[in-house]
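Results of the structural survey
Each chain, letter by letter, is given below.
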Amino acid sequence: MRLIEERAVARKTPEILVVGGGKGGVGKTCFAVNLAVDVAHKGWRVILVDADLGCSNIETVLGTRAERRLDDFFYQKGGKQLASILCDTQYENLRLIPGTTGLLDVANPKYQQKTALIRELRSLDSDLIVVDLDAGAHLNTLDFFLMTDTNGVLVINPEKTSIDNAFKFLRAALFRKIERFYRSTEVALLLQRNESLRDFLDCIAKSELLEEETQKQVTTEIVALARSVRPRIVVNRARNQYEAQIAANILSKYARQHLLVEPENLGFLYYDKCVPEAVNSGTPFVVSFPKLKIAGCVSDIANRLGYF
Ligand SMILES: Nc1ncnc2c1ncn2[C@@H]1O[C@H](COP(=O)(O)OP(=O)(O)O)[C@@H](O)[C@H]1O
Ligand SMILES: [Mg+2]
């Protein structure tokens with residue numbers, strides 16, 4: 001406990017862990033909720049954020065019903081205060097920023113609303129903020145994923161479709177990062193026409209629009225931007241460690257070859273039929289089935305993140 005207090009004092013802003021992955025149903029929400037409950041149980045002050053703007057369901061998995069919503073934040077007049085919609089949960093040290101109603105205007109907030117949300121998140125008084133994202137590669141989702149700049153979590157399943165979607169999601173996030181860096185120059189235009197970062201770099205090298213010096217500078221900048229992205233992979237629904245390792249290796253290889261991005265393998269979670277049971281009962285599996293191997297997997301990942 002002492003260690004926790006010392007770290008809380010030393011850290012001024014909370015650590016933010018964004019959980020994405022591209023594909024729906026791979027287990028992002030289950031992972032985010034169970035990790036948050038596990039870390040809160042260890043004594044860290046945790047805030048779970050339901051940033052799945054289209055189809056929020058943290059409350060179902062957590063078994064909580066919040067009386068405030070993210071919509072209230074988006075439509076607060078004047079200075080926005082995210083802290084005012086923070087809700088307590090039945091778990092000690094765990095608070096929740098509930099999702100939106102999913103109605104059209106809140107599912108698609110304006111750019112200023114989105115940046116206000118990201119800014120306010122950073123100012124919350126907490127040790128760890130776990131942000132659960134939408135499926136797909138919508139601009140909002142990409143911007144939330146890039147909130148920490150570099151090291152969001154990609155949840156995948158050991159399945160080609162999931163690995164493929166995670167790769168496309170990562171590519172979209174990297175391209176979005178590059179696009180934001182250059183705003184609306186020729187580089188952003190070239191970006192839209194390429195399927196991989198390597199093709200894009202070739203395109204820059206051959207571009208007649210750019211001077212040689214500019215080509216060199218842009219290439220160096222883009223390589224640095226790609227290297228600064230260090231996503232962390234969690235393989236969910238694996239039958240064993242070997243299967244999980246292969247899935248993580250395949251995604252890492254694609255990311256390295258085509259995007260010059262080097263992901264880190266954070267760990268895996270077993271497939272377990274108790275997970276849907278836990279979801280249906282509204283009790284996270286780390287609480288309802290703490291002895292299962294999958295609960296140990298969550299704890300291992302928390303340890304690897306430094307939350308022990
Ligand atoms: N490790 C697992 N083993 C078995 N079923 C799982 C596992 N993880 C998730 N599920 C099931 O998959 C469903 C979808 O998971 P969810 O976390 O909602 O996905 P996402 O947030 O990525 O859309 C859950 O309702 C749960 O029943
Ligand atoms: Mg989800």
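Please refer to the structure higher up on the page.
Below you will find a few notes about this structure. These numbers were taken from a predicted model, which means no experiment stands behind them. (Residues numbered from 1 in each chain as written. Chains lettered and ligands numbered in written order. Predicted model: local features only at pLDDT ≥ 70, side-chain atom pairs only at ≥ 80, totals over all residues.)

1. Considerations on the overall build of the protein
In plain terms, the rule: Only DSSP runs of H or I covering at least 4 residues are called helices, and only runs of E covering at least 2 are called strands; the numbering of each starts at the N terminus. Restricting the calculation to C-alpha atoms gives the radius of gyration, and the globule rule supplies 2.2 Å times the number of residues raised to the power 0.38. Three classes are used. A residue is buried when 20 or more other C-beta atoms lie within 10 Å of its own, exposed when 12 or fewer do, and partly exposed in between, with C-beta atoms placed from the backbone. By definition, residues are in contact whenever their C-beta atoms, placed on the basis of the backbone, come within 7 Å of each other.
Along the protein, the regular secondary structure elements total 15 helices and eight strands. Expected size for 308 residues packed as a compact globule is a radius of gyration near 19 Å; at 20 Å, the protein falls within 12% of this value. Each of the three principal axes of the protein carries a C-alpha extent, and together these read 60 × 55 × 40 Å. Here the protein holds 308 residues, and 43% of them are scored as buried. In the protein, the share of contacts with a sequence separation of at least 24, taken over all contacts with a separation of at least 6, comes to 76%.

2. Focus: the pairing of strand E7 (residues 232–238)
Regular strands show a simple pattern: their side chains alternate between the two faces of the sheet. Using the following cut-off: Any two strands are treated as partners once DSSP identifies two or more bridges connecting them. Throughout, right-handed denotes a crossover for which the path from the first strand over the helix to the second runs clockwise when the strands point away from the viewer.
In terms of burial, E7 is largely enclosed, as seven of its seven residues are buried. Pairing of strand E6 (residues 153–156) with E7 involves four bridges; the strand directions are parallel. In the strand pairing of E7, Leu-154 is matched with Ile-233. Pairing between E7 and strand E8 (residues 264–270): five bridges, direction parallel. Bridge pairing in E8 links Ile-233 to Asn-265. For the crossover from E7 across helix H12 (residues 241–259) to E8, the handedness is right-handed.

3. Some thoughts on unusual backbone geometry
The phi dihedral of Asn-93 is positive, around 70 degrees, even though this residue is not glycine. Its location among the elements puts Asn-93 in the loop between strand E3 (87–88) and strand E4 (94–97). Residues other than glycine seldom take positive phi values, yet Arg-237 does so here, at roughly 60 degrees. Mapped onto the elements of the fold, Arg-237 is located in strand E7.

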